[in-house]
Amino acid sequence: MMNSSSLLVLLIFATFTYCLDARLQVCQPSGKIIGIKPPPGQCNPENDSDCCKQGKMYTTYKCSPPVTGNTKAVLTLNSFQKGGDGGGPSECDNQYHSDDTPVVALSTGWYSGGDRCLNYITISANGKSVKAKVVDECDSTMGCDDEHDYQPPCPNNIIDASKAVWEALGIPEGDWGDYDITWSDA
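Residues numbered from 1 in each chain as written. Predicted model: local features only at pLDDT ≥ 70, side-chain atom pairs only at ≥ 80, totals over all residues. Heavy atoms only, no water.

Asks: Could you clarify how one ought to interpret the overall build of the protein in this entry?
Replies: Scanning the protein from N- to C-terminus turns up 3 helices and 8 strands. Across the 186 residues in the protein, those meeting the buried criterion constitute 40%. Taking the contacts inside the protein whose residues are at least 6 apart along the sequence as the reference set, 73% of them involve residues at least 24 apart. Of the roughly 10,400 Å² of accessible surface on the protein, 53% is carried by carbon and sulfur atoms. (Helix = DSSP H or I, 4+ residues; strand = E, 2+ residues; numbered from the N terminus. Buried < 20%, exposed > 50% of the residue type's maximum accessible area, 1.4 Å probe, protein only. Contact = heavy atoms within 4.5 Å. Areas by Shrake-Rupley, 256 points an atom, 1.4 Å probe, with all protein chains shown as cover.)

Here is the structure:
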């Protein structure tokens, strides 16, 4: 038979486990797509962009982790200029943007159907912060096709940033590529 303090400990443990389990299930993969080999001359590998591999399975997401005042993410490098590895013009304004302008693309869940379009977010890393304008989506639901420059779907925790963002954060160029950061709505 359990005494009241044992029952209380069990209740607290069960509540903690349920809350932890619920948080972990907030954003589960939504599916997979099979990679295809890009046609010759397709898939711009600028900024160490990945190109889809024939037959490889890629995980897709319709969601991203919850946004807090200090959301963890991975900063990646992207060129939003015409001819850059970002592909076509930005989703939010159908424009290209200079690599010298602090602009970003957000994973699908954070992009939220364009709800953050042309708004600013604050990115923090390396002891510094920078405000950057959201201009595009880093598609977590699709990829490996012409529309996505034959690049795989974006993970669900990506802030894809112009070189201006990297420079403003003072991250040495040798460390550009994937960098752990935090961000919040400005």
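Read on, since the account is not over.
Asks: Where do I start with the state of the cysteines in this structure?
Replies: Disulfides are covalent bonds that connect the sulfur atoms of two cysteines. Applying the stated criterion across every chain yields a total of 5 disulfides. Paired through a disulfide, C43 and C51 show a sulfur-sulfur distance of 2.0 Å. The disulfide joining C43 to C51 has a torsion of about -100° about its S-S bond and is therefore left-handed. Owing to a relative accessible area of 7%, C43 belongs among the buried residues under this scheme. One disulfide in the model links C92 with C117; its S-S distance is 2.0 Å. Measuring the twist about the S-S bond at about -80°, one finds the C92-C117 disulfide to be left-handed. With a gap of 25 residues between them, C92 in the loop between β3 (71–77) and β4 (103–107) and C117 in the loop between α2 (108–111) and β5 (120–125) connect regions that are remote in the sequence. Both residues of the pair, C92 and C117, count as buried. The connectivity of the disulfide-linked cysteines in the protein, indexed sequentially, is 1-5, 2-3, 4-9, 6-7, 8-10. (Disulfide = S-S within 2.5 Å.)

Asks: When you look at the nonpolar core in this model, what are you seeing that I'm missing?
Replies: Counting residues in each nonpolar core, the largest one holds 24 residues, and the members touching the most others are L75, V104, I123, I159 and V165. Among the secondary structure elements, those contributing two or more residues to this core are β3, β4, α2, β5, β6 (128–138), β7 (158–161), α3 (163–168) and β8 (178–185). Every residue in contact with L75, bar those within four places of it in the chain, is listed here: I159, A161, V165, W166, L169, I171, G177, D178, Y179 and I181. Counting 8 residues, the second-largest nonpolar core is a separate cluster that includes V74, F80, A105 and C138. (Core = buried A, V, L, I, M, F, W, Y, C linked by side-chain atoms within 4.5 Å.)

Asks: Hey, could you run me through the packing of aromatic side chains in this one?
Replies: Two numbers describe a pair of aromatic rings. These are the distance of the centres and the angle of the planes. Under the definition given, this model contains 3 aromatic pairs. Pairing W166 with W176 gives two aromatic rings, centres 6.0 Å apart and planes at 45°, and the pair type is tilted. Taken as a pair, W166 in helix α3 and W176 in the loop between α3 and β8 lie far apart in primary sequence, 10 residues in all. For the pair W166 and W176, one class covers both residues: buried. Ring geometry for W166 against Y179: centres 6.2 Å apart, planes inclined by 75°, an arrangement best described as edge-to-face. Here W166 is found in helix α3, whereas its partner Y179 is found in strand β8, with 13 residues between them in sequence. Look at W166 and you get buried, because its relative accessible area is 0%. Through successive ring pairs, a cluster of aromatic residues spans W166, W176 and Y179. (Phe/Tyr/Trp six-rings, centres within 6.5 Å; stacked < 30°, edge-to-face > 60°.)

Asks: Help me out: how do you make sense of the pairing of β6 in this one?
Replies: Consecutive residues of a regular strand have side chains that alternate between opposite faces of the sheet. Pairing analysis gives 5 bridges linking β4 to β6, with the strands arranged parallel. If you follow V103 over to β6, its bridge partner there is K133. Bridging between β5 and β6 involves 6 bridges; their strand directions are antiparallel. Bridging from a neighbouring strand, S124 pairs with S129 of β6. (Pairing = 2+ DSSP bridges.)

Asks: Could you clarify how one ought to interpret a negative patch on the surface in this entry?
Replies: On the surface, D48, D50, D178 and D180 cluster together into a patch of negative charge. By secondary structure assignment, the location of D180 is in strand β8. (Patch = residues over 30% accessible without salt bridge, like charges linked within 9 Å, V, L, I, M, F, W, Y side chains within 5 Å. Salt bridge = Lys/Arg side-chain N within 4 Å of Asp/Glu carboxyl O. Lys, Arg positive; Asp, Glu negative; His and termini not counted. Charge placed at Lys NZ, Arg CZ, Asp CG, Glu CD.)

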